[in-house]
Amino acid sequence: MTNEPNEQIKQPVSEDWHAQDEPNVKERNLTANPGDRIADEPQSVEEKAQQVAVDSPDITGDHIKVPTYFVVDEPNGEKKALHHVKDAEEISDVIRQARVDENGNRIWW
């Protein structure tokens, strides 16, 4: 056995990010959960209503399905799609409003 290397040994190491052909996840502004993404092009309320953010079992083993958008009725009768992350505060307001009677008293189920 000799001490002279016959061939260069290639080991798996991270490549220089400047040498990448495609932008990385951070550069593409991707979220950890693809269901959280908001489409670049405008979508109808019906299209948004079909999107699913989460569709998997939780820690208890129950299967959980969460829509990306929650469709709510506006006071003028129109439907509005609220994104489950971006519009979380407005979704909470809608839920609070649903839990009061016509006199503004809180309803407990």
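In this report, the structure presented in the accompanying data block is examined. No experiment lies behind these values; they were computed from the predicted model shown.

Next up on the list: the side chain of T68. Position of T68 relative to the elements: it lies in the loop between β2 (63-67) and β3 (69-73). A polar contact of 3.1 Å, which involves the side chain of T68, links it to the backbone nitrogen of A53. Those residues in contact with T68 that sit more than four places away from it in its chain are G35, R37, Q51, V52, A53, L82, H83 and H84.

So, on to a negative patch on the surface. A cluster of acidic residues, D40, E41, E46 and E47, forms a negative patch at the surface. Mapped onto the elements, E47 comes out in helix α1 (residues 45-49).

On to the pattern of salt bridges, then. Summed over the entire model, instances satisfying the criterion amount to 4 salt bridges. Of the charged contacts in the structure, one is a salt bridge between K80 and E90, with a shortest N-O distance of 2.9 Å. Of this pair, K80 sits in strand β4 (residues 79-83) while E90 sits in helix α2 (residues 88-98), and the two are 10 residues apart along the sequence. In this structure, the salt-bridge partner of K86 is D87, at a minimum N-O distance of 3.6 Å.

Definitions and cut-offs
- Residues numbered from 1 in each chain as written.
- Predicted model: local features only at pLDDT ≥ 70, side-chain atom pairs only at ≥ 80, totals over all residues.
- Heavy atoms only, no water.
- Helix = DSSP H or I, 4+ residues; strand = E, 2+ residues; numbered from the N terminus.
- Polar contact = N/O pair within 3.5 Å; in protein donor to acceptor, adjacent residues only side chain to side chain.
- Contact = heavy atoms within 4.5 Å.
- Patch = residues over 30% accessible without salt bridge, like charges linked within 9 Å, V, L, I, M, F, W, Y side chains within 5 Å.
- Areas by Shrake-Rupley, 256 points an atom, 1.4 Å probe, with all protein chains shown as cover.
- Salt bridge = Lys/Arg side-chain N within 4 Å of Asp/Glu carboxyl O.
- Lys, Arg positive; Asp, Glu negative; His and termini not counted.
- Charge placed at Lys NZ, Arg CZ, Asp CG, Glu CD.

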